[in-house]
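# Overview (structure and organization)
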Amino acid sequence: MAALSEFFSHLYTMTMVFFTLVLLEVAILIRSITGGVCNSEKRLITTSQYLKLIEEKNPTIRYSRRPTSRVDQSNECAVCLSELEEGEKVRRLKCKHIFHKDCLDRWLQQYLATCPLCRTKVLPDEIVANYHRLQNQIEYDGSDEEMIFLLSALHGNSLHRLF
Ligand SMILES: [Zn+2]
Ligand SMILES: [Zn+2]
């Protein structure tokens with residue numbers, strides 16, 4: 001008899017796990033149909049991808065004060081308001097404004113992707129919108145992350161590779 005009851009309790013556990021899994025899958029499916037994460041996932045941009053795009057468009061260079069530069073030309077990083085020093089990592093934007101690499105990257109992540117001085121666009125609007133969409137989801141919508149985590153645990157981390 002003991003073996004039989006053990007079998008049934010095992011069966012019960014298995015059934016519960018199965019139904020939880022199915023429920024979670026359905027919930028995710030519904031979210032993807034109604035335009036949740038799964039739908040827009042491909043177009044979302046992570047921070048590292050975003051920084052790579054910035055790097056592609058505005059490669060990091062070592063700052064050097066050219067002797068030919070005009071006297072009135074500012075040698076100041078407009079983000080941190082400190083003087084640019086010889087050899088520091090900087091980015092020169094299309095508009096010719098120069099900022100510390102780290103200052104500019106932080107600025108571009110927190111605000112719109114425009115030059116802090118003249119508002120020239122640094123990246124296309126679509127990329128910026130997709131990047132901020134992902135950031136907002138991470139900040140304000142923890143439920144998806146939790147669900148994905150739970151699912152990945154149940155699936156033995158097969159989903160985990162996607163994130
Ligand atoms: Zn700076
Ligand atoms: Zn500028």
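Reading the values: rules and limits
- Residues numbered from 1 in each chain as written.
- Chains lettered and ligands numbered in written order.
- Predicted model: local features only at pLDDT ≥ 70, side-chain atom pairs only at ≥ 80, totals over all residues.
- Heavy atoms only, no water.
- Donors = N, O, S within 2.8 Å, 3.2 Å for Na, K, Ca; no water.
- Tetrahedral: all angles 85-135°; square planar, octahedral: opposite > 155°, others 65-115°.
- Buried < 20%, exposed > 50% of the residue type's maximum accessible area, 1.4 Å probe, protein only.

The name recorded for the protein chain in an unreviewed UniProt entry is Probable E3 ubiquitin-protein ligase XERICO, from Durio zibethinus.

With that settled, consider the coordination of the zinc ion (ligand 2). The coordination sphere of the zinc ion (ligand 2) contains the protein donors Cys95 (SG), His97 (ND1), Cys115 (SG) and Cys118 (SG), at a distance range of 1.9 to 2.3 Å. Between the 4 donor atoms coordinating the zinc ion (ligand 2), the angles at the centre fall across 105 to 115°, so the site counts as tetrahedral. Between consecutive donors of the zinc ion (ligand 2), the numbers of intervening residues give the motif C-x1-H-x17-C-x2-C. Residue classification places cysteine 115 among the buried residues on the basis of a relative accessible area of 0%. You can call cysteine 118 partly exposed: its relative accessible area is 33%.

Protein coordination at the zinc ion (ligand 1) comes from Cys77 (SG), Cys80 (SG), His100 (ND1) and Cys103 (SG), with a distance range of 2.0 to 2.3 Å. Motif for the zinc ion (ligand 1), donor spacing along one chain: C-x2-C-x19-H-x2-C. A relative accessible area of 35% means that cysteine 80 is categorised as partly exposed.

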